[in-house]
Amino acid sequence: MAKNDRSLGRRSLLTGAAAVAGGAAVSSALPATAQAAPRAAAATTAASAAEAAATTDYVTVSPTDPRFPDLVRGTNQRWVAKPDYVRLVTTTAQAVRAVQDAVSANKRLTVRSGGHCYEDFVFNKDVQVVIDMSGMTQVYYDSAKNAFAVEGGASNLQIYETLYKLYGVTLPAGSCASVGAGGHISGGGYGLLSRLHGLTVDHLYGVEVVTVDKNGTAKAVVATRDSTDANLKDLWWAHTGGGGGNFGLITRYWLRSPGATGTDPTKLLPKPPSEVFVHATAFPWKDMTEASFTRLLQNWGAWHEKNSAPDSKFNSLFGLLKLNQKASDNAQIALLTQMDATVPDAQALLDEYLAAISAGVGVTRQAMTLRSGEHAAMPQFAKPRTLPWYIATDYLSGGNPTLYGKYKSAYARKGFSVTQIKAMYKHLTRTDYSNGDALVQIDSYGGRINAVKPGDTAVPQRDSVLKLQYQTYWTDPAEEAKHLAWIREFYKDVYAETGGVPVPGDINDGCYVNYPDKDLGDAAWNTSSTAWNSLYYKDNYARLQKAKAAWDPKDIFRHAQSVRLP
């Protein structure tokens, strides 16, 4: 289970308890001679890993081991498994052997990277072997591939710190510090720099995956965007948004931006802003009427429709509108923003944005205090202030592994319909349900994300301007039913016009695979004719099935919403 020493207050300042959004960076301060600083063998290969593994075996943790309870659950405390054992691996060769052992013994296996899966895809009643990647956390420049290697167990913050401090480069990835690369990148990945630099997978050069062939033989395979073999190219493509747990065990990624040239690692990934504005403000619920709430949501949608083109002057601005449930008279709707403080007229652009979002709402914005039990007050950001990029990223990240939670997602191509806004207001102000840890967060989207064609990666949502995450948290497992009922009814009402789910159309554009929701496959909650796989993958699903048939023909890597064999 991922540990995090950050306060619960920081945990969800941006994206919720275990949500995925964030930033990362580039600089030219590191001399070329220091390229391999994180690891002496910068060009480590599968062969050298195998040699190292000859004397170092994987670690096996059985139910009698005191470590076992920590290794059979993730961040969401709803899911606890009872496997026969957990295998912790530190090299690709160990990972191959761990997979082979499980397959040969006919044991059901799953893979844990950061432990942030919202559903029970890793920790469930059927799993017999968990292969834990928390020992594979290296981040380094690999001169053989002229790309940055990131092992599957590395966390967002480990990636950011190494890339930024040693090379000055970054990834437009998640803001939750402890999210693991294995699932985050394979599902697409996005964050506070994505409007400026695209999705995380837009920078994916290659992937190393332990696969199992039709004979039940495990082996490590490397696939890159330069692969000429069609099946290898499909395997690479499947990891640009197909999601984790589908095709094999991911041991490492290689990252290099398309179009990057030369061998200077400080020029192979995007550069972050040297300084960013961090702004936090709030609208008190006690002053909010349905009319003012409606105007706020209309403003939010209209601004993003107007300012989310790939060449928008606002691409360096990423906002988060946190519609917290009105649980008390002190409840607030929070507006958090990060933007590049170095672009021309940065302050004027930020002021223009804030004025547009607030126009006609009729509620005075105030310093953000949010819920005392979960969030830290942020009066220091009531007026925009500049911070160095890495310090801002570190401060605004975090995670807490003590809560039970349920999540849902949606993409939006434009602002919300009147029906959708009415449903949001209804459920956020219900008096029969009061929970300071329930909300829907609406994130800025679009920008450079939408410069990529829907089929170029496995992420098909390439013309949305907003991304939504519905969240509710609780600490007493006996209260699960009421919290599930609220979020399910909330979501169903918001998308009542399309069968209770965000069916791709004029306004909606499906769901985010990294925010999995098993309800999408339940006819009680999805009354549309659109299956869960189409909500996640749209027209890309057939190619994902082709990759599944080629690389996991025995369906070894599977879960409740894994890609199905054709």
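So, how was this worked out
Residues numbered from 1 in each chain as written. Predicted model: local features only at pLDDT ≥ 70, side-chain atom pairs only at ≥ 80, totals over all residues. Heavy atoms only, no water. Helix = DSSP H or I, 4+ residues; strand = E, 2+ residues; numbered from the N terminus. Buried < 20%, exposed > 50% of the residue type's maximum accessible area, 1.4 Å probe, protein only. Contact = heavy atoms within 4.5 Å. Polar contact = N/O pair within 3.5 Å; in protein donor to acceptor, adjacent residues only side chain to side chain. Salt bridge = Lys/Arg side-chain N within 4 Å of Asp/Glu carboxyl O. Axes fitted to C-alpha atoms, helices over the stretch in contact; angles between N-to-C directions. Parallel < 35°, antiparallel > 145°, perpendicular 65-115°, else oblique. Left-handed = near helix turned anticlockwise from the far one by under 90°. pLDDT = per-residue confidence, 0-100. Core = buried A, V, L, I, M, F, W, Y, C linked by side-chain atoms within 4.5 Å. Domains from an automatic or database assignment.

**Q** Can you tell me about the environment of valine 111, naming the residues and giving the values?
**A** Tracing the sequence through the fold places valine 111 in strand E3 (residues 109-112). C-alpha separation for the pair valine 111 and valine 127, spaced 16 residues apart in sequence, amounts to 10.0 Å.

**Q** Could you give me a rundown of helix H8 (residues 230-238), with the residues and numbers involved?
**A** Of the positions making up H8, those classed as buried are Asp234, Leu235, Trp236, Trp237 and Ala238. Where the residues of H8 are buried, they touch strand E7 (204-212), strand E8 (218-224) and helix H15 (541-551). Between the side-chain oxygen of the N-cap and the backbone nitrogen of asparagine 231 there are 3.0 Å, and the N-cap of H8 in question is aspartate 229.

**Q** I'd like a rundown of the pattern of salt bridges, residues and numbers included.
**A** Per the counting criterion, the structure on display carries 32 salt bridges. The shortest N-O distance in the salt bridge between aspartate 234 and arginine 543 comes to 2.8 Å. Residue aspartate 234 is located in helix H8, and its partner arginine 543 is located in helix H15; the two are separated by 309 residues in the primary sequence.

**Q** Account for the packing of helix H12 (residues 418-428) against helix H13 (residues 480-494), naming residues and giving values.
**A** The geometry of H12 relative to H13 is characterised by a closest axis approach of 8 Å and an angle of 160° between their N-to-C directions. In terms of their interaxial angle, H12 and H13 are classed as roughly antiparallel. Note on packing geometry: the crossing formed by H12 with H13 is right-handed. Contacts between H12 and H13 involve Gln420, Ala423, Met424, Lys426, His427 and Leu428 from the former and Trp486, Glu489, Phe490, Asp493 and Val494 from the latter.

**Q** I'd like a rundown of the environment of leucine 321, residues and numbers included.
**A** Looking at the element boundaries, leucine 321 is found in strand E11 (residues 317-324). Taking the C-alpha atoms as reference, leucine 321 lies 4.7 Å from leucine 335; in sequence the two are 14 residues apart.

**Q** An account of the confidence of the model for the chain is needed here, citing residue identities and associated values.
**A** On average, residues of the chain score 89 in pLDDT, and 85% of them reach the 70 mark or higher. Contacts for the low-pLDDT stretch residues 1-55, under 50 throughout, to residues beyond four places or in other chains number 199 contacts.

**Q** Tell me about the nonpolar core, and please be specific about residues and values.
**A** Of all hydrophobic cores here, the largest spans 121 residues; its most connected members are Phe293, Leu323, Tyr353, Met424, Ile442, Leu468 and Tyr470. Each of domain 1 (56-272) and domain 2 (275-538) accounts for three or more of the residues forming this core. Not counting the four nearest positions on each side in its chain, leucine 468 is found in contact with Lys408, Ser409, Ala410, Ala412, Phe416, Met424, Val440, Gln441, Ile442 and Tyr495. Core analysis: the next-biggest nonpolar cluster, separate from the first, contains 20 residues, Met133, Met136, Val210 and Ile556 among them.

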